[in-house]
Amino acid sequence: VGEWTRVEALVAALENRTVLIRGRAQAIRPVGKKMAFVVIRENGFTVQCLVQAQPDTVSTQMVKFAAALSRESIVDVEGIVSIPAAPIKGATQQVEIQVRKLYCVSRAVPTLPINLEDAARSEVEIEKALQAGEQLVRVNQDTRLNFRVLDVRTPANQGIFRIQSHVGSAFRQFLLSENFVEIHTPKLIAGSSEGGASVFRLDYKGQPACLAQSPQLHKQMSICGDFGRVFEIGPVFRAEDSYTHRHLCEFTGLDVEMEIKKHYFEVMDIVDRLFVAMFDSLNQNCKKDLEAVGCQYPFEPLKYLRQTLRLTYEEGIQMLKVCLKICKLINLQVVDKKGDRMMDVGIEIEPFGDLNTEAERKLGQLVLEKYGTEFYILHRYPLAVRPFYTMPCYDNPAYSNSFDVFIRGEEIISGAQRVHVPEFLEQRAAACGIDVKTISAYIDSFRYGAPPHGGFGVGLERVVMLFCGLNNIRKTSLFPRDPLRIAP
Ligand code: ATP
Ligand code: AMO
């Protein structure tokens, strides 16, 4: 036979042809001693293979061998393509293979730690099955993650990671087409790049060091090195100490940094065009994957505008305040003396503070109702809640030339214009409690002439989680690292 045929390519036009395929034994059904059906899966496509005892070609011994295969074993099958009399249930391909030869290439253990059929069911299917009295095990997240190699074989998980791959390639393609240069910055650095406590510290041949919390310092230094426009796709390490649905200790950062001529809006223009192009491309090119995810975890397609909505932080606060007042009027919520707190839903609004998770969610809802989009930019944040390297607003230094970007009410991007004046940068770092000595090379790089610049950082796993309306970031990280998990 020689040539390999992909399961996906097994169609009626191949009737009577002998083909050779390799795949996993997804289901094995013996029928008496002379016949067994084996469903073979390759790359999400499945075909039914019939092993039937025949005087000259197939022995009963071979039928016995096929019937005893364990699920998920890898097998090679040689056989003749035939068209069955009735439609085949439980396989994607509508042809059958009359098996002539069958080899087991790699045998899976007889009892798998996860039943893949159960792991692939949606909540609705699970409920229905339980009501019908079916025996099934709800596979919980820890079990899935403990046996991730099996878990990622489900159609939804295959979809998630193909979508993730597409997000990365759409990001890269767009930026290359806009003359950005792809860079690779060190992940072992001398001091913290973002400040705060979430740093993994380590010993670097006797010197204190840490894992990079972002490529922030080196992507800016690359701008000082005259690359003009740069981007990086790489690991980011955060020693998060709490267990949320959207924080990991290691995630993939999609980072951008660029010279600007006049205004941080030039950076937001890139965010706008990049993400509209990315969402369009996902919707066009990942239909099958999005469908596979939606079958197990139903979600509505993301609503976004051709030109991304931009609101200032003050406008956002205003929308929340109006909402609070209405709630107060109709006595929906308990509001404190200043009228700034929605106690029972946990929303707190401070004019120069950050929005908490509930306020971000609520604003997402309000924006959707008013503007019909689930993707928007909030900019001109209070300076006090932004990192030391953020440029204050020229007209009012209580605010900053910075922005966050949201999908369905949750942050996926932070960005800003940066301080490019070394003396001021030093002052800002010290004021934010950063040991300036540990970032002296970074600050010095602005002493040899530094162009005005800005950039942003995107969390890859968050983009996929929120685009697909998933409820937990661990679903979009292949081997997630969180405060309780460093394996597998
Ligand atoms: P980043 O840290 O990258 O800016 P983020 O989404 O973690 O992104 P933060 O600015 O750290 O955003 O926090 C925004 C809000 O998210 C906080 O006000 C808080 O409500 C919530 N939050 C952040 N970290 C945690 C955490 N570890 N546990 C619970 N809630 C958190
Ligand atoms: P920031 O700290 O906001 O900004 O991070 C940028 C984006 O990274 C994602 N993110 C995370 N994803 C998973 N787990 C985490 N623990 C986590 N923390 C952050 C979010 C967030 O929007 N240097 C700046 C970016 C810049 O200004 O260029 C920075 O790191 O999607």
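Heads up: the structure comes first, above all this text.
Report on the accompanying structure. (Residues numbered from 1 in each chain as written. Chains lettered and ligands numbered in written order. Predicted model: local features only at pLDDT ≥ 70, side-chain atom pairs only at ≥ 80, totals over all residues. Heavy atoms only, no water.)

Details of the overall build of the chain
The following threshold applies: Strands here mean DSSP runs of E at least two residues long; helices mean DSSP runs of H or I at least four residues long; both are numbered from the N terminus. For every residue, the accessible area (1.4 Å probe, protein chains only) is compared with the maximum for its type, and the residue is labelled buried under 20%, exposed over 50%, or partly exposed between those bounds. Here, residues are in contact when the closest pair of their heavy atoms is within 4.5 Å. Computed by Shrake-Rupley with a 1.4 Å probe, the accessible areas treat only the displayed protein chains as cover when residues are assessed. The charge count treats Lys and Arg as positive and Asp and Glu as negative. His and the chain ends do not count. Here the site of a charge means NZ on Lys, CZ on Arg, CG on Asp, or CD on Glu.
Summing up its helical and strand segments, the chain has 14 helices and 18 strands in all. Each of the three principal axes of the chain carries a C-alpha extent, and together these read 90 × 60 × 45 Å. By residue count, 51% of the 488 residues in the chain fall in the buried class. For the chain, long-range pairs separated by at least 24 residues make up 68% of all intrachain contacts whose partners lie at least 6 apart in sequence. Element-wise, carbon and sulfur atoms account for 54% of the exposed surface of the chain, whose accessible area totals about 23600 Å². Averaging the coordinates of the 58 positive side-chain charges in the chain and doing the same for the 58 negative ones gives two points 5 Å apart.

Some points on the packing of helix α6 (residues 155–177) against helix α9 (residues 287–296)
Applied cut-off: To get an axis, fit a line to the C-alpha atoms, keeping to the stretch in contact for a helix; angles then go from 0 to 180 degrees between the N-to-C directions. Orientation categories follow fixed angle ranges, with anything under 35 degrees roughly parallel, anything over 145 roughly antiparallel, 65 to 115 roughly perpendicular, and all other angles oblique. Crossing handedness: left-handed means the near helix sits turned counterclockwise from the far one by under a right angle, and right-handed means the same turn made clockwise. Asp, Glu, Lys and Arg are counted as charged, while Ala, Val, Leu, Ile, Met, Phe, Trp, Tyr, Cys and Pro are counted as nonpolar; the rest, among them Gly, fall into the polar class.
Here α6 crosses α9 at 135°, and the two axes come no closer than 8 Å. The orientation of α6 with respect to α9, classified from their angle, is oblique. For α6 against α9, the interelement crossing comes out left-handed. For the pair formed by α6 and α9, the contact residues are Pro-155, Ala-156, Gly-159, Ile-160, Arg-162 and Ile-163 on the first element and Asp-289, Leu-290, Ala-292, Val-293 and Gln-296 on the second. For the contact of α6 with α9, the per-class residue count stands at 7 nonpolar, 2 polar and 2 charged.

Topic: the pairing of strand β4 (residues 74–82)
Selection criterion: One bridge is not enough; two strands pair if DSSP finds at least two bridges between them.
In terms of burial, β4 is largely enclosed, as 7 of its 9 residues are buried. Pairing of strand β1 (residues 18–31) with β4 involves 7 bridges; the strand directions are antiparallel. In the sheet register, Thr-18 faces β4, and the bridge partner there is Ile-80. Here β4 pairs with strand β5 (residues 96–106) via 9 bridges, running antiparallel. The residue bridging Glu-78 from the neighbouring strand is Lys-101, located in β5.

Some remarks on the site of ligand 1
The test is simple: It suffices for a single heavy atom of a residue to lie within 4 Å of a molecule or strand for the residue to be listed as near it. For this analysis, a polar contact is any N or O atom pair within 3.5 Å, provided that within protein one partner can donate a hydrogen and the other can accept it, and provided that sequence-adjacent residues contribute only side-chain to side-chain pairs.
As a structural note, the neighbourhood of ligand 1 is formed by Arg-238, Glu-240, Ser-242, Thr-244, Arg-246, His-247, Asp-354, Leu-355, Asn-356, Thr-357, Glu-411 and Arg-462. In the model, an oxygen atom of ligand 1 is placed 2.5 Å from a nitrogen or oxygen of the His-247 side chain. Contact distances for ligand 1 include 3.2 Å between an oxygen atom and a side-chain N or O atom of Glu-411. Coverage of ligand 1 by the protein amounts to 60% of the 580 Å² it exposes when considered alone.

A word on the site of ligand 2
Looking at ligand 2, there are 23 residues lining it, with Glu-194, Gln-216, Lys-219, Glu-411 and Arg-418 nearest. Contact distances for ligand 2 include 3.1 Å between a nitrogen atom and a side-chain N or O atom of Tyr-389. Compared with its free state, where it exposes 630 Å², ligand 2 has 92% of that area covered by protein. At the level of elements, α7 (216–224), β17 (410–417) and β18 (453–459) are the ones that each hand at least two residues to the shell around ligand 2. Classifying every residue of the shell around ligand 2 by side-chain character gives 7 nonpolar, 8 polar and 8 charged.

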